[in-house]
Amino acid sequence: MREIRLHGRGGQGMVLAAEMIIHAVMLDGLYGTAIPFFGFERRGSPVACFVRIDDRPIREKTQIYTPDCIVVSDPTLLDSVNVFSGIKAGTVMVLNSPKDREEFVLPPQVTKIGIVDASKIAKQVLGIPVVNTAMVGAFAKTTELIRVTSAFEGIRQIMPKKAC
């Protein structure tokens, strides 16, 4: 089983991103679960989502404490939330940022990182800073846990036609 922890802020669409990933997982013939975790439900507050992917049915419905992958949709969370909590050797990270890899000090357990300026993409394409679709694409490309074509279809299944 692969365990992914998504970190974002309320209003960035990370709960929907988790659902998009699960739709893509099912299109690829695998099993998946997505579990959101909220504190105060308000725009801008930190949120987390937990995604599990496996080739067998998944019964576990808990938070993820030792993720194989972390997805961070807001780079300011690196300074305010311990997004690296519980990571293990070989962790893959997907990060929304306009900065280059060399500008980040990452724990040695992070062995692969995909960086995308999802905020810029969202503003150009959608006109609003909702980064979920760009982050799902970056997740697919970086982790190869889902096919990029399945990610696009998962996004189409969740988002209204006009947003695709």
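Residues numbered from 1 in each chain as written. Predicted model: local features only at pLDDT ≥ 70, side-chain atom pairs only at ≥ 80, totals over all residues. Heavy atoms only, no water.

A. Structural view of the pattern of salt bridges. Summed over the entire model, instances satisfying the criterion amount to seven salt bridges. Note that Asp55 is salt-bridged to Arg56, the shortest N-O span being 4.0 Å. With respect to burial, Asp55 and Arg56 carry one shared label: exposed. Through salt bridges that share partners, Glu3, Arg52 and Glu60 make up one connected network. (Salt bridge = Lys/Arg side-chain N within 4 Å of Asp/Glu carboxyl O. Buried < 20%, exposed > 50% of the residue type's maximum accessible area, 1.4 Å probe, protein only.)

B. Quick peek at the packing of helix H1 (residues 14–27) against helix H4 (residues 132–143). For the pair H1 and H4, the least separation of the axes is 9 Å and the interaxial angle reads 40°. The pairing of H1 with H4 is recorded here as oblique in orientation. As H1 packs across H4, the resulting crossing turns out to be right-handed. Contacts from Leu16, Ala17, Met20 and Ile21 of H1 reach H4 at Asn132, Thr133, Val136 and Phe139. (Axes fitted to C-alpha atoms, helices over the stretch in contact; angles between N-to-C directions. Helix = DSSP H or I, 4+ residues; strand = E, 2+ residues; numbered from the N terminus. Parallel < 35°, antiparallel > 145°, perpendicular 65-115°, else oblique. Left-handed = near helix turned anticlockwise from the far one by under 90°. Contact = heavy atoms within 4.5 Å.)

C. Highlighting the sheet that holds strand S5 (residues 91–96). Spatial ordering of the open sheet is given by S2-S3-S1-S4-S5-S6, a layout of six strands whose pairing is mixed. Strands with a single pairing partner mark the edges of an open sheet, and in this sheet they are strand S2 (31–37) and strand S6 (110–116). Strand-to-strand twist in this sheet, taken as the mean axis angle between neighbours without regard to direction, amounts to 15°. Here strand S1 (residues 2–9) pairs with strand S3 (residues 46–54) via eight bridges, running antiparallel. By the bridge assignment, Arg2 is partnered in S3 with Ile53. Along the sheet, H1 contacts S1, S2, S3 and strand S4 (69–72); its crossing angle with S3, the most-contacted strand, is approximately 10°. With respect to the sheet, H4 is in contact with S1, S3, S4, S5 and S6, its orientation differing from that of S5 by roughly 150°. (Pairing = 2+ DSSP bridges.)

D. Inspection of the packing of aromatic side chains at higher detail. All told, the structure shown has one aromatic pair when counted by the stated rule. When the ring of Phe37 is compared with that of Phe50, the centres are 6.2 Å apart and the planes differ by 55°; the resulting orientation is tilted. Note that Phe37 is positioned in strand S2 and Phe50 in strand S3, a separation of 13 residues in sequence. For Phe50, a relative accessible area of 4% gives the class buried. (Phe/Tyr/Trp six-rings, centres within 6.5 Å; stacked < 30°, edge-to-face > 60°.)

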